[in-house]
Amino acid sequence: MRKIQNFQSFYETDLRLALIQLDGEREQIVRKILMYSAIGLAVCLLLLFLGASLLPFILLVVAFGLFYYHHYRKFRERYKHEVIRHLVESEGLTYDPVQSIPKSDYQRSKIFTQHPSRYYGDDLVSGLVGKTAIRFSELHTQQQVGSGKNKRYETIFRGIFFIADFNKKFVGETIVLPDVSENLLGSFGSFLQGLNVMRPQLVKLEDVEFEKEFVVYSTDQVEARYILSTALMQRILQLKRNVNTGIALSFIDSHVCIAITIRKNLFEAPHLFSSVDNYNQVAEYHGYIQMCVDIVEQLDLNTRIWTKE
Amino acid sequence: MFFIAGIILFLVLAAILIYNNLVGARNSVENAFGTIDVMLKKRYDLLPNLVEVAKRYMKHEQEIFTNLASLRAQATSAVTTDQKVHVENQISGLMRNLMVSVENYPDLKASDQFTMLQRSWNETEEQISAARRAFNAAVTSYNNAVDKFPSNLFANMFGFKRKEVFEIPEAERQNLSAKALFNS
């Protein structure tokens, strides 16, 4: 399924030229920033010498900040257009740097029960991998806790939110979450999971390894097992090992939604004072795109032997 | 006095809870068994259609068709669970053989009607397997209640007996083997 087989050669032949060009533009911007800063600093020092207060310095710092932000924003757009878009399109998918998975889809997945009071997202990737339609984007959702002076925002989810068409038909809702309480509290934790009023029925599956990592809730005991076949449970475990971070899944409306926790801002240009011709950084971004494309194969979503085509 | 009354009240409440839990677990087992029956019924309905289409193309598998017809009749008249399970396993085995033989009939494989029936068959097979797994989970939870202290005391007193789980045939455990049939 992978379109880019050897990333190193792809980097050299397809990306390097654009990156070098971008880096040239970046150096020009940096030179401009440094030049204006030097002039500003000289003027401030002169004013200080003439007996002025520290106000010009403060104004200089603010001006520097605004100037940097303005240029970085434009540069970031260029980077996304030249580098990230190229990475995505080389995998046969389409890219929109501004859009994200809509809030309605995020909420419909029912992976998170908390209502997000802040919802940020960008870098929407969509397309077909074999027969399977996929979409994913970066998301950061937060909920408000406390009020008045104690008001603050806590992260609900940060990472990549992935949605794909599932290969079996079903009508209910099945949610697969990381198992925290059973790992901490053993069978008492499992007892507590059964009492969770925010979730449908607890489903106890026979795969011990899977049960150790995940807790499953579903509106239908049989349907949950129809979706989570013994093979799929092993595939989800393997996926968790591969992405090497926390994952939560839900099977709703004939779709599978996967929330992959990654606690950093992805698909962004580095700051203006470091080179963009950075193999490791681009390879890391490509790795995340590839990880999402590979989910289709890992969960075997292109196998269409059931009535859903 | 109040202390003793408190203890008695606590014991009575605990007994009610434990008894209700046992009854609840037993009912879930019956409910899960009912679901298997529903799924099997779906398969019985599908079987004649599938056989009908396959028969038109497959000239050398008459024996399989005859056996399937007789097994279907046996399945509908089977009384005990053991009989049912035995017949069901035989039907699954025969169908697997039949699906492998389909490879020798390109016209049949290319038929849209047959492909759709074959997909429905796979779906029903997986649903039956899921229903069996749900039944086994319900039985395990019921058996735990029957065996574990203190509910085992009540289980013995009120005649709650352990129940047997379904043995899933080895071939069915590899439930993605059907994929091989399509990958040619």
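Note that the coordinates shown come from a computational prediction; the quantities given were computed from them, not determined experimentally. (Residues numbered from 1 in each chain as written. Chains lettered and ligands numbered in written order. Predicted model: local features only at pLDDT ≥ 70, side-chain atom pairs only at ≥ 80, totals over all residues.)

**Student:** How should the overall build of chain B be read in this particular structure?
**Tutor:** The number of helices and strands found in chain B is eight helices and zero strands. Along chain B, helices and strands appear, N-terminal first, in the series α-α-α-α-α-α-α-α. Radius of gyration (C-alpha) of chain B: 23 Å, far over the 16 Å computed for a compact globule of 184 residues. Principal-axis analysis of the C-alpha atoms gives chain B an extent of 85 × 30 × 25 Å. Residues counted as buried form 24% of the 184 residues belonging to chain B. (Helix = DSSP H or I, 4+ residues; strand = E, 2+ residues; numbered from the N terminus. Rg over C-alpha atoms; globule rule 2.2 N^0.38 Å. Buried ≥ 20, exposed ≤ 12 C-beta atoms within 10 Å, placed from the backbone.)

**Student:** Looking at this structure, I do not really get the overall build of chain A. What am I missing?
**Tutor:** Across its full length, chain A carries nine helices and nine strands. Counting only C-alpha atoms and orienting by the principal axes, one finds that chain A spans roughly 80 × 55 × 30 Å. Across the 309 residues in chain A, those meeting the buried criterion constitute 30%. Taking as baseline every contact in chain A between residues at least 6 positions apart, the subset at least 24 positions apart corresponds to 70%. (Contact = placed C-beta atoms within 7 Å.)

**Student:** Looking at this structure, I do not really get the interface of chain A and chain B. What am I missing?
**Tutor:** Note: interface size is frequently given as the accessible area lost on complex formation between the parts. With 13 residues of chain A at the contact, the number on the chain B side is 18 residues. Counting only elements with at least two residues in the side of chain A that touches chain B, the list comes to helix 7 (221-227) and helix 8 (230-243) of chain A. It is helix 7 of chain A that provides the largest number of residues to the side of chain A that touches chain B, a total of four residues. A class-by-class count of the residues in the side of chain A that touches chain B yields five nonpolar, five polar and three charged. (Nonpolar A, V, L, I, M, F, W, Y, C, P; charged D, E, K, R; others polar.)

**Student:** Honestly, helix 8 of chain A in this entry has me stumped. Any pointers?
**Tutor:** Count 3.6 residues to each turn of an α-helix, and residues three or four apart come out pointing the same way. Residue and element names in this part refer to chain A. Here helix 8 is 14 residues long and its end C-alpha atoms lie 20 Å apart, about the 20 Å a rise of 1.5 Å per residue gives. Listed as buried for helix 8 are Thr230, Leu232, Met233, Ile236 and Val243. One or two steps after helix 8, the chain reaches Asn244, where phi turns positive at roughly 55°. (Expected span 1.5 Å × (residues − 1).)

**Student:** I tried to follow the domain arrangement of chain A on my own but got confused; where do I start?
**Tutor:** Residue and element names in this part refer to chain A. In terms of domain boundaries, chain A breaks down into domain 1 (7-90) and domain 2 (95-298). Relative placement of domain 1 and domain 2: their C-alpha centres are 35 Å apart. Listed per partner, the contact involves 23 residues of domain 1 and 18 residues of domain 2. Of the residues forming the side of domain 1 that touches domain 2, the biggest block, 13 residues, is contributed by helix 2 (residues 55-90). When its residues are assigned to classes, the side of domain 1 that touches domain 2 shows 16 nonpolar, one polar and six charged. (Domains from an automatic or database assignment.)

**Student:** I would appreciate a short explanation of the sheet that holds strand 2 (residues 118-129) of chain A in the present structure.
**Tutor:** What links the strands of a sheet is backbone hydrogen bonding, and the strands pair in either a parallel or an antiparallel sense. Residues and elements named next belong to chain A. Overall, antiparallel pairing links the nine strands, which are arranged 1-2-3-4-9-8-5-7-6 in an open sheet. Every interior strand has two partners, whereas the edge strands, strand 1 (94-96) and strand 6 (201-203), have only one. This sheet shows a mean twist of 20° between the axes of neighbouring strands, independent of strand direction. Pairing between strand 3 (residues 132-145) and strand 4 (residues 152-165): 12 bridges, direction antiparallel. For Leu139, the partnering residue across the bridge sits in strand 4 and is Gly159. Helix 9 (residues 279-298) rests against strand 2, strand 3, strand 4 and strand 9 (255-261) of the sheet, and its axis sits at about 50° to strand 4. (Pairing = 2+ DSSP bridges. Axes fitted to C-alpha atoms, helices over the stretch in contact; angles between N-to-C directions.)

**Student:** I'm lost on the pairing of strand 5 (residues 174-178) of chain A in this one. Help?
**Tutor:** Within a regular beta strand, the side chains point alternately toward one face of the sheet and then the other, so they alternate between its two faces. Residue and element names in this part refer to chain A. Among the five residues that make up strand 5, four are buried, leaving the element largely enclosed by the rest of the structure. One ladder, built from five bridges, connects strand 5 with strand 7 (residues 214-218); its direction is antiparallel. Along strand 7, the bridge assignment pairs Ile175 with Tyr217. Bridging between strand 5 and strand 8 (residues 247-252) involves three bridges; their strand directions are antiparallel.

**Student:** Just to check I follow, could you spell out the nonpolar core for this structure?
**Tutor:** The nonpolar side chains of a soluble globular protein tend to be buried with one another. Core analysis: the biggest nonpolar cluster contains 80 residues, and A:Phe162, A:Ile258 and A:Cys292 have the highest contact counts within it. The element best represented in this core is helix 5 (residues 112-147) of chain B, accounting for 10 residues. Here this core spans two domains, since at least three of its residues come from each of domain 1 (7-90) and domain 2 (95-298) of chain A. With near-sequence residues (within four places) excluded, A:Cys292 lies in contact with A:Ile134, A:Phe136, A:Ile160 and A:Phe162. B:Leu50, B:Ala54, B:Val87 and B:Met95 belong to the second largest nonpolar core, which has 12 residues in total. (Core = buried A, V, L, I, M, F, W, Y, C linked by C-beta atoms within 7 Å.)

**Student:** I keep staring at the packing of helix 1 (residues 7-49) of chain A against helix 2 of chain A and nothing clicks. Help me out?
**Tutor:** Any two packed helices are characterised by how steeply their axes cross, that is the angle between the axes, and by the distance between the axes. Residues and elements named next belong to chain A. As a packed pair, helix 1 and helix 2 sit with axes 10 Å apart at the nearest point and diverge in direction by 175°. The angle between helix 1 and helix 2 falls in the class roughly antiparallel. Split into classes, the residues belonging to the contact of helix 1 with helix 2 amount to 21 nonpolar, five polar and four charged. (Parallel < 35°, antiparallel > 145°, perpendicular 65-115°, else oblique.)

**Student:** What am I meant to see in the environment of A:Val171 here?
**Tutor:** For A:Val171, the position within the fold is in the loop between strand 4 and strand 5. Residue A:Val171 is classed as exposed on the basis of its 10 C-beta neighbours within 10 Å.

**Student:** Even after reading the chapter, I still don't get the confidence of the model for chain B, so can you show me in this structure?
**Tutor:** Do not read the predicted coordinates in detail wherever pLDDT is low. Residue and element names in this part refer to chain B. The predicted model of chain B has a mean per-residue pLDDT of 82, with 91% of residues at 70 or higher. In the predicted structure, residues 172-184 sits below a pLDDT of 50 and forms 17 contacts with residues beyond four places in sequence or in another chain. Scored by ipTM, the complex comes to 0.71, with pTM at 0.82. (pLDDT = per-residue confidence, 0-100.)

**Student:** How do you make sense of helix 9 of chain A when you look at a structure like this?
**Tutor:** All names here are of chain A. The first and last C-alpha atoms of helix 9 sit 27 Å apart over 20 residues, in line with the 28 Å expected at 1.5 Å per residue. Cys292 marks where helix 9 bends most, by close to 25°. Those residues of helix 9 lying buried are Val282, His286, Tyr288, Ile289, Cys292, Val293, Ile295 and Val296. Asp300 occupies a position one or two residues after helix 9 and carries a positive phi of about 60°. (Bend = angle between axes of the 7 residues up to and from the residue.)

**Student:** Which parts of the structure should I look at to understand the environment of A:Arg16?
**Tutor:** Relative to the elements of secondary structure, A:Arg16 occurs in helix 1. Between the C-alpha atom of A:Arg16 and that of A:Tyr279, which follows or precedes it by 263 residues, the distance is 9.1 Å.

**Student:** Explain the packing of helix 1 (residues 2-57) of chain B against helix 5 of chain B to me, please; I cannot follow it from the model alone.
**Tutor:** Residue and element names in this part refer to chain B. The N-to-C vectors of helix 1 and helix 5 enclose an angle of 165°; their axes lie 8 Å apart at closest approach. Classified by the interaxial angle, the pair formed by helix 1 and helix 5 is roughly antiparallel. Handedness of the crossing formed by helix 1 with helix 5: left-handed. Here the residues of the contact of helix 1 with helix 5 sort into 23 nonpolar, nine polar and four charged. (Left-handed = near helix turned anticlockwise from the far one by under 90°.)

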